[in-house]
Amino acid sequence: MYKYDQYDQAMVDARVEEFRDQTRRRIAGHMNDDQFKPLRLKNGLYLQLHAYMLRVAIPYGTFNAVQMRKLAHIARTYDRGYGHFTTRQNIQYNWIKLEQAPDILAELATVEMHAIQTSGESIRNVSADQYAGAAADEIIDPRPWAETIRQMTNFMPEFSYLPRKFKIAVIASKVDRAALRWHDFALRIVRNEAGEIGFEVYAGGGMGRTPFIAHKIRDFLPTTQIFSYLQAVLRVWNRNARRDNIHKQRMKILVHELGQEEFSRQVEEAFTHFLSLGQDFPQAEYDRIAAYFTPPPFEQGLSEDLDLSDPAFAAWVRLQTVAHQAPGYAIANISLKPVGGIPGDISADQMDRVADLAERFSFGEIRATHAQNLVLPHVRKIDLPALWQELRAVGLADANLDLVTDIIACPGLDYCSLANARSIPVAQKIAERFADLERQEDIGELKIKISGCINACGHHHAGNIGILGVDKKGTENYQLLLGGSGDEETSQAKITGPGFDEDGVVNALERAVDHYRAVRQPGERFIDTYRRVGMDGFKEAIYV
Amino acid sequence: MKVLTGNDLKTGAVTWWDGVQWSLHVEDAVDVGDHADAIMAREQAAQRVNGPYAIDAEKTADGVRPAHIKDRIRALGPTVRPDLTLKPADPEIGNWVI
Amino acid sequence: MSDTLRFRDDQAADEPAVSLDAFLDQPEADSVRIEAGEDVTLLFPHLGRVRLVEIDFPRFRDGRGFSTARMLRETGYKGEIKATGDVLVDLVWFMRRCGFDSFAPNVAFDPAVVEASLARYPFVYQDSGDAAVPIWALRHPGLAHG
Ligand code: SF4
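Calculation rules
Residues numbered from 1 in each chain as written. Chains lettered and ligands numbered in written order. Predicted model: local features only at pLDDT ≥ 70, side-chain atom pairs only at ≥ 80, totals over all residues. Heavy atoms only, no water. Buried < 20%, exposed > 50% of the residue type's maximum accessible area, 1.4 Å probe, protein only. Helix = DSSP H or I, 4+ residues; strand = E, 2+ residues; numbered from the N terminus. Pairing = 2+ DSSP bridges. Right-handed = clockwise from strand over helix to strand, strands pointing away. Contact = heavy atoms within 4.5 Å. 1 Å grid on protein atoms, 1.4 Å probe; cavity = no way out; pocket = protein on both sides within 12 Å on 5 of 7 lines; lining within 4 Å. Points joined across faces, edges and corners; volume = space filled by probe spheres on them. Nonpolar A, V, L, I, M, F, W, Y, C, P; charged D, E, K, R; others polar. Near = heavy atom within 4 Å. Buried area = accessible area lost by both parts, 1.4 Å probe. Salt bridge = Lys/Arg side-chain N within 4 Å of Asp/Glu carboxyl O. Axes fitted to C-alpha atoms, helices over the stretch in contact; angles between N-to-C directions. Parallel < 35°, antiparallel > 145°, perpendicular 65-115°, else oblique. Left-handed = near helix turned anticlockwise from the far one by under 90°.

Student: Mind laying out the pairing of strand E7 (residues 168–171) of chain A, listing which residues take part and the relevant values?
Tutor: Residue and element names in this part refer to chain A. Burial along E7 is two-sided: Ile168 and Val170 and Ala169 and Ile171, pointing in opposite directions, are all buried. As paired elements, strand E6 (residues 127–128) and E7 share 2 bridges and run parallel to each other. By the bridge assignment, serine 127 is partnered in E7 with alanine 169. Chirality of the crossover, the property in question, places the unit of E6, helix H5 (residues 143–153) and E7 among those that are left-handed.

Student: Outline the arrangement of the chains, listing residues and values.
Tutor: Ranking by contact count across 2 pairs of chains in contact places chains A and C at the top. Without any contact between them, chain B and chain C keep their closest C-alpha atoms 18 Å apart.

Student: An account of empty space enclosed by the protein is requested, with residue identities and associated values reported.
Tutor: All names here are of chain A. A complete count under the given rule lists 6 cavities of 30 Å³ or more for this structure. Each pocket or cavity is described by its volume, and for the largest cavity that value is around 180 Å³. At 3 residues, helix H1 (residues 6–27) tops the list of elements feeding residues into the lining of the largest cavity. Of the residues assigned to the lining of the largest cavity, the class counts are 8 nonpolar, 6 polar and 4 charged. Looking at the second largest cavity, its volume works out to about 130 Å³. As for the second largest cavity, its lining consists of 13 residues, of which Met1, Pro59, Tyr60, Gln67 and Glu112 are closest to the centre.

Student: Lay out the site of the ligand with the relevant residues and their values.
Tutor: Around the ligand sit A:Cys410, A:Pro411, A:Gly412, A:Cys416, A:Leu418, A:Ala419, A:Ser451, A:Gly452, A:Cys453, A:Asn455, A:Ala456 and A:Cys457, and that is every residue in its neighbourhood. Of the residues contributing to the shell around the ligand, the split by class is 8 nonpolar, 4 polar and no charged.

Student: An account of the pairing of strand E15 (residues 374–380) of chain A is needed here, citing residue identities and associated values.
Tutor: Residues and elements named next belong to chain A. Of all the 7 residues making up E15, 6 are buried; the element is thus mostly covered by neighbouring parts of the structure. One ladder, built from 5 bridges, connects strand E12 (residues 329–334) with E15; its direction is antiparallel. When the sheet's bridge partners are listed, alanine 332 is paired in E15 with leucine 376. Pairing of strand E14 (residues 365–368) with E15, which is carried by 2 bridges, proceeds in the antiparallel orientation. Directly across from alanine 368, in E15, lies its bridge partner leucine 374.

Student: If you had to explain the interface of chain A and chain C to someone new, which residues and values would you point to?
Tutor: In this complex, chain A contributes 49 residues to the contact, which on the side of chain C involves 40 residues. Buried surface at the junction of chain A and chain C, both sides included, amounts to about 4000 Å², of which 58% is carbon and sulfur. Per-residue buried area on chain A facing chain C is highest for A:Tyr7, A:Tyr161 and A:Arg239; these three make up 18% of the total on that side. Where chain A packs against chain C, one counts 10 salt bridges. Across the pair A:Arg25 and C:Asp90 runs a salt bridge whose closest N-O atoms are separated by 2.9 Å.

Student: Give a description of the packing of H5(A) against helix H6 (residues 226–240) of chain A that names residues and reports values.
Tutor: All names here are of chain A. The geometry of H5 relative to H6 is characterised by a closest axis approach of 11 Å and an angle of 55° between their N-to-C directions. Put simply, H5 runs oblique to H6. Considering only the axes of H5 and H6, their crossing is right-handed. Two secondary-structure elements touch here, H5 through Trp145, Ile149, Met152 and Thr153 and H6 through Ile226, Phe227 and Leu230. Residues of the contact of H5 with H6, tallied by class, amount to 6 nonpolar, 1 polar and no charged.

Written out as structure tokens, the structure reads:
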């Protein structure tokens, strides 16, 4: 994992002092909230429904046991004993006091963490494949580049006030576990015919009220030219985006309006210019960063055998573990989706236990996933039974990865000031309806994603089944969507028809699932069946 | 009735205008008639409230009930964590929101 | 003029800045004002006679002026670049890094806050066309930079 040197530490420490000063000026009345709001947002501090909310960055979803313990400490000391993992691999706290926010940032800085640019019109925390550095199918670990980009894009002067937020993702495998093409700017690390590593570049994706799937704008970008290329993209957008309508300022709108070809042409022109300035980060800096990501000392000759006679353990192994690049090891997913629980929520005590388990079983490493779960990336297979027992003791041993109860849900109207409807109770009702594991496994992979409003933090556009909360004359109403996907065959979900109330949408979803089971062919997942048969049959089944 | 709500600047807590100051309890909210703007301007300038706004509400037997579900959730707390609401002892309190 | 914060030693231009259109029509003008959204590249062929470029910020959330300033510096322009309008003191450091060297905000800055903001960050992560040496170059003193 990356370690701060004196420079990184000095920058983060300076940021804490800057925010302390800004907070002091706000509380003393030297700034009004209009002026303060963009400053607090650039430090991840929102004013939500019940209190301030702080979003802490987990760069590319990688963190360690020491950091997790600090997150638990913050939950206990400054919040109400829990945190919420988000769909951008970050963690947020719901009950923060403004006067304590600078102290929290100072605590985070002691463990090399921050909340820089986790909200507002800025370049957000870079997201990445949660299995990076462990996945059997990656061509290289993408995180050194994600970290290099983190450093390039923190405190970037020219882009202090972008038209809107800007989200970046980096992966290095064919299989897309990071919803690449739903990002403003996305990089897939590839190898060209000469065997060199470079980036395949995508731009202009995003969810929100006008969803777009990113276009590929370049087949191969030499990795050491990324700073020039990124500046070119940002400058073209910063100069040309509309500034008169907040809903039309994301880069996806510009790419759409200019057309992908014209956008690429302008980017390439600016790129040539930036290359001539000689500002790119050198290979040596990438190498320095990459050295921190050398794989941990995996043991050789470990047994692959597992005693699967306990059916509950066997189910957990079957569903929660994934192939690792090192023989004898597995990637273990920790579900934060217990039936009846709140997707992504975790108590301070559970955080501490996960930290302990990461130290005991996974070289101290933890990952946060965009599906609001956690991962211990490097577990010896022979340790899986002990790990499972320990997880069971703290209520974290649910087996449901990518199944119908592994639901992504945004905080919705229970916490979010922009919401139209609650998301969490809908997720809870669906999970309770489908709690039976045998039924879940029979249904197979089915990604349900719920947003409490059109901003789409719950990724409903990318759900095999999406649910969108809307306000119908002051009452909560839910639209059902089908056919979305965030994987390498990205697609946008379509609305089935008129909306439902809370129980109605759960029933409608169940009818959609029953229809899939009735018409699927052997081996087909829900999304495959939907793609084969189309919306009509589902519609008929839903609106009986 | 028209009532005023906002958040406390330092703590972020949801507050309601009780005629004299900002209370944590919606029951204390008073009808401000057409003085909403004047009160909000004065209180905001004095840093006693953050982001105040006026809403419609109704006086009922159990107190003041905001017209919109969003403000009822603000008045109570998250419905999915009854233990963290202002009425943690009342298991039925979630129903008040709906 | 008294409320202008200036980081230059030369004499300030004394003619008021004219609009970009007017400037292009008036061969003797030496001070020009660029509104947010105007294309600064139209000015590039005429930079030889420019002493002052004012870049206006209609709202602090409108960040187009940052690119305008930096693009001017990238051409080699050495004259004054002044930020006017809704300019937040907390952004002065970033603006300095983009090439602004004077500030005439709607609401005058508190000099103590300016000083603190400019002194706040000991390093920079990346080039921005200014003289600051990025952290990566400090980490690799043997490598040529810029
Ligand atoms: S989707 Fe809407 S309700 Fe959900 S977290 Fe985002 S803004 Fe809030």
